[in-house]
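Chain and residue survey
Spelled out from the first residue to the last, the chains are:
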Amino acid sequence: MTQGKLSVTNKTANGEQGGGAVPAAPPSYQEAIAGSSPTYSGSYLDGEMLTEFSWDDKNIRRIFIRKVYAILMIQLFVTMAIVAIFTFCDPVRFYIQANPAWYWASYAVFFVTYLTLSCCAGPRRQFPWNLILLAVFTLSLTYMTGMLASFYNTKSVVLCLGITAMVCLSVTVFSFQTKVDFTSCQGLLMTLCMVMFICGIVLAIVVPFGYVPWLHGIYAALGATLFTMFLAFDTQLLLGNKRYALSPEEYIFATLSIYLDIIYIFSFFLQLFGSGRE
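Residues numbered from 1 in each chain as written. Predicted model: local features only at pLDDT ≥ 70, side-chain atom pairs only at ≥ 80, totals over all residues. Heavy atoms only, no water.

The chain appears in an unreviewed UniProt entry as Protein lifeguard 2 from Anguilla anguilla. UniProt annotates the chain under Sequence similarities (unreviewed entry) with the comment "Belongs to the BI1 family. LFG subfamily." Listed under Subunit (unreviewed entry) in UniProt, the entry text for the chain is "Interacts with FAS/TNFRSF6 and BAX." (UniProt positions renumbered as here; feature names shortened; annotations may be inferred.)

Take a look at the structure:
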């Protein structure tokens, strides 16, 4: 019985085995569906539909980066427009300075939306709620930034906007090109955060007894340095070519982080270089 068994591979090319032509072996399932149906074949279908991918795929990462920076540009445009209105339009400036309750309301909204987007993966990834929450977050933080800018000279605001733009552009280009891995510097960033926290507590205790310009200057300089480093850290998390990387599903969190870094850098530069209105 065993000797009488013949495999397909032992058939002769002319099909003369056992006295008759033997049909060729049927194709395997993989051979039958390769290139002919929208299966998970590890390639693009019609150049548009991604059938199988890894989050480390370079095309996915490029799309992710473009999406993040497109949303970020919209956020920054809205912020600059509102800050300009609060700074240059005297009736608006007088109103927001005379009604600080709106500032605290916007701070509460900012805090709630920030915690929601940072700690809850569901709202952060579910469309369109993620974009709605990000828009509310952006408007609340923009109001706070605009109110802060309204107390400074218009030339100071424009100067700090320019400095912030140059610093952020330089840090972004450097983060794209450098081989230094900022994503592995969590310990240094955590230490600087603790130093800044302690400095903030000391400043809050000292200010009621009298304003100390040099202490406030140190605090502002430390804050600007810290969030410049955070900008480099978050940019490299976005790029995904270092030790740690963000998943492309987290485009809302990536946008929120970079936008927050830029706004804080501008705020600290304003405190460091800005001069109050006369």
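Once you've had a look at it, read on.
Details of the packing of helix α4 (residues 101-119) against helix α10 (residues 251-273)
The interhelical angle for the contact between α4 and α10, taken along N-to-C directions, is 140 degrees, at an axis separation of 10 Å. Classified by the angle between their axes, α4 and α10 sit oblique to one another. The interaxial crossing formed by α4 with α10 has left-handed handedness. Contacts from Phe110, Tyr114, Leu117 and Ser118 in α4 reach Ile252, Phe253, Leu256, Leu260 and Tyr264 in α10. Among the residues forming the contact of α4 with α10, the class breakdown is eight nonpolar, one polar and no charged. (Axes fitted to C-alpha atoms, helices over the stretch in contact; angles between N-to-C directions. Helix = DSSP H or I, 4+ residues; strand = E, 2+ residues; numbered from the N terminus. Parallel < 35°, antiparallel > 145°, perpendicular 65-115°, else oblique. Left-handed = near helix turned anticlockwise from the far one by under 90°. Contact = heavy atoms within 4.5 Å. Nonpolar A, V, L, I, M, F, W, Y, C, P; charged D, E, K, R; others polar.)

A short note on the side chain of Thr142
Tracing the backbone through its elements, the reader meets Thr142 in helix α6 (residues 129-150). What Thr142 contacts, discounting residues up to four positions off in sequence, is Val78, Thr79, Ile82 and Tyr259.

Here we look at the layout of surface pockets
Looking at the largest pocket, its volume works out to about 930 Å³. The wall of the largest pocket is formed by 27 residues, among which Tyr107, Phe110, Leu141, Met144 and Tyr264 lie closest to the centre. Put simply, the parts of the chain that give the lining of the largest pocket at least two residues each are α4, α6, α9 (213-239) and α10. Residue contributions to the lining of the largest pocket peak at 10 residues, all from α10. A breakdown of the residues in the lining of the largest pocket according to their chemical character gives 21 nonpolar, four polar and two charged. One number sums up the size of the second largest pocket: a volume of about 400 Å³. Elements that contribute at least two residues to the lining of the second largest pocket include exactly α2 (58-88), α7 (154-177), α9 and α10. (1 Å grid on protein atoms, 1.4 Å probe; cavity = no way out; pocket = protein on both sides within 12 Å on 5 of 7 lines; lining within 4 Å. Points joined across faces, edges and corners; volume = space filled by probe spheres on them.)

Section: the pattern of salt bridges
Applying the stated criterion across every chain yields a total of four salt bridges. Residue Arg93 pairs with Asp90 through a salt bridge whose shortest N-O separation is 2.7 Å. Taken together, the positions of Arg93 and Asp90, both in helix α3 (residues 90-98) and three residues apart, correspond to about one turn of that helix. Since its relative accessible area comes to 9%, Arg93 is described here as buried. (Salt bridge = Lys/Arg side-chain N within 4 Å of Asp/Glu carboxyl O. Buried < 20%, exposed > 50% of the residue type's maximum accessible area, 1.4 Å probe, protein only.)

Brief notes about α10
For α10, which comprises 23 residues, the first-to-last C-alpha distance of 33 Å matches the rise-based estimate of 33 Å (1.5 Å per residue) to within 8%. Most of α10 sits inside the fold, with 18 of its 23 residues counted as buried. (Expected span 1.5 Å × (residues − 1).)

With respect to empty space enclosed by the protein
Scanning the model with the defined rule gives one cavity of 30 Å³ or more in all. Each pocket or cavity is described by its volume, and for the largest cavity that value is around 30 Å³. The wall of the largest cavity is formed by Asp234, Leu237, Leu246, Phe253, Ala254, Ser257 and Ile258. Every element with two or more residues in the lining of the largest cavity is listed here: α9 and α10. Broken down by element, the residue count for the lining of the largest cavity peaks at four residues, all from α10.

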